[in-house]
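Chains, contacts and geometry: an overview
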Amino acid sequence: NQLKKRNERLREIMNHYLVTIDSLNTLNVNLTSQLDKTSTQLKETTTERDKLREINEQSAELLTKGAQLSAFNFVTEAQKYKSAGAGTKGVNKANKVEVITCTFTIGENKIARTGNKMIYLQITDPNGQVLYKRPNDVVQVAGSEILYSGKREINYQGQLIDMTIVYNLEGKEIPSGNYTVKIFADGALIGKDTFTLK
């Protein structure tokens, strides 16, 4: 009789455990499902964040490019001084050149940063050598230091500006051939021109 009662008691306890185990299994399935759902949402959120970051980076890059100045309408001329200091006149022979003048227009740009800006001129001879006055005449462009031939500061207010930068050879001789002229501002190339000397 005692064994029978004990057996029934054990059966009740076992049934109780079975119900508890079943409840825990159901709870575990629900938790796993919620975890999968949360994991999926997290992946979607991460993907969305990465897409937004990429869009922001592209927008920032476009804005930077859009804010960059541009130089055009180039007139680059090799010149020599007239006698008696009466100005200069154009020449096309390398052995007669005393100054090189580069006249150009800085374009209108409504989103560019306004204020004082330094505009740099770089003249490269046919041998790939930059014409410069001092070895420390360098400027940072795209993370690298480059030599420049001349510079001029302007006050830019988003409007067109016509300007000239002059490079004086100060008695130096230069070779004949094709020359490249580049204009830099805000650490970027904004325009280029070429000219030839005989």
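Conventions we followed
The numbering scheme is per chain: residues are counted from 1 as the chain's sequence reads. It should be noted that, the model being predicted, local features are given only for residues of pLDDT at least 70 and side-chain atom pairs only at 80 or more, the latter also being counted only at that level, while totals for whole chains, interfaces and linings use all residues. With hydrogens and water stripped out, all remaining heavy atoms of the structure feed into the side-chain values. Put simply, DSSP H or I for four residues or longer makes a helix, DSSP E for two residues or longer makes a strand, and each gets a number counted from the N terminus. This radius of gyration counts C-alpha atoms alone. The globule rule is 2.2 Å times how many residues there are, raised to the power 0.38. The buried label goes to any residue with under 20% of its type's maximum accessible area, the exposed label to any with over 50%, and the partly exposed label to all in between, with areas taken from a 1.4 Å probe on protein chains only. The contact rule is simple, with two residues in contact once any of their heavy atoms fall within 4.5 Å. Accessible surface is estimated by sampling points in the Shrake-Rupley manner with a 1.4 Å probe; for residues, cover comes only from the protein chains shown. Working convention for charge: Lys and Arg count positive, Asp and Glu count negative, and His plus the chain ends are omitted. A charge is said to be at NZ when it belongs to Lys, at CZ for Arg, at CG for Asp and at CD for Glu. Only one rule defines a salt bridge in this text: a Lys or Arg side-chain nitrogen within 4 Å of an Asp or Glu carboxyl oxygen. In these notes, a set of buried Ala, Val, Leu, Ile, Met, Phe, Trp, Tyr and Cys residues joined through side-chain atoms within 4.5 Å is what counts as a nonpolar core. Pairing between strands requires that DSSP locate at least two bridges from one strand to the other. To obtain each axis, a line is fitted to C-alpha atoms, and for helices this fit is confined to the stretch in contact; angles are then taken between N-to-C directions over 0 to 180 degrees. Note on aromatic contacts: the rings of Phe and Tyr and the six-membered ring of Trp form a pair at centre separations within 6.5 Å, being stacked when their planes are under 30 degrees apart, edge-to-face when over 60 apart, and tilted otherwise. Only lysine NZ and arginine CZ atoms are considered, and such an atom sits over a ring when it is within 6 Å of the ring centre and within 35 degrees of the ring normal.

Concerning the overall build of the protein
- On a plain count of helices and strands, the protein comes out with one helix and eleven strands.
- Ordered by position from N to C terminus, the α and β elements of the protein give α-β-β-β-β-β-β-β-β-β-β-β.
- Relative to the 2.2 N^0.38 estimate, which gives 16 Å for 198 residues, the radius of gyration of the protein is 37 Å and therefore markedly larger than a compact globule would have.
- The buried share of the protein, taken over its 198 residues, is 29%.
- Restricting to contacts in the protein with at least 6 residues of sequence separation, those with at least 24 account for 68%.
- Surface summary for the protein: the accessible area is close to 13700 Å², and the carbon and sulfur share equals 50%.
- Taken together, the 27 basic and 22 acidic charged side chains of the protein have centroids lying 1 Å from each other.

Brief notes about the pattern of salt bridges
- The tally for this structure, following the rule as stated, stands at five salt bridges.
- A salt bridge links Glu12 to Arg9; the shortest N-O distance between them is 3.4 Å. Of the two residues, Glu12 and Arg9 are both situated in helix α1 (residues 2–66); the distance of three residues between them amounts to about one turn of the helix.
- Put simply, Lys117 and Asp186 hold a salt bridge, and the shortest N to O gap is 2.7 Å.

Some details on the nonpolar core
- Among the nonpolar cores identified, the biggest contains 31 residues, and Phe104, Ile106, Ile119, Ile123, Ile174 and Ile183 are the most heavily contacted of them.
- Looking at this core, the elements that each hand over two or more residues are β1 (71–81), β3 (99–106), β4 (115–124), β8 (150–156), β9 (161–168), β10 (177–185) and β11 (188–197).
- Beyond its immediate sequence surroundings of up to four residues, Ile183 is in contact with Ala71, Phe74, Cys102, Phe104, Ile119, Tyr120, Leu121, Ala188, Leu189, Ile190 and Gly191.
- Judged by nonpolar contacts, the second largest core, of six residues, contains Tyr120, Val141, Ile146 and Phe184.

Overview of the environment of Phe184
- Mapped onto the fold, Phe184 is located in strand β10.
- For Phe184, a relative accessible area of 7% corresponds to the buried category.
- Each C-alpha atom of the pair Phe184 and Lys151 lies 9.3 Å from the other, and the pair is 33 residues apart in sequence.
- Not counting chain neighbours up to four residues away, the residues in contact with Phe184 comprise Met118, Ile119, Tyr120, Gln122, Val141, Ile146, Leu189 and Ile190.

Examining the sheet that holds strand β2 (residues 88–90)
- In spatial order, the strands read β2-β1-β3-β9; together these four strands make up an open sheet with antiparallel pairing. In the strand order of this sheet, the two ends are held by β2 and β9, each with one partner. Adjacent strand axes in the sheet meet at a mean angle of 35 degrees when their direction is disregarded.
- Bridge count between β3 and β9: eight bridges; the pairing is antiparallel. Its bridge partner lying in β9, Phe104 is registered against Met163.

Some words on the packing of aromatic side chains
- Evaluated as defined, the whole model comprises three aromatic pairs.
- The positively charged end of Lys172 is found above the aromatic ring belonging to Tyr132, 5.9 Å away from the centroid.

Remarks on the environment of Ala78
- Relative to the elements of secondary structure, Ala78 occurs in strand β1.
- Since its relative accessible area comes to 4%, Ala78 is described here as buried.
- For the pair formed by Ala78 and Ile100, sequence separation is 22 residues and the distance between their alpha carbons is 4.5 Å.

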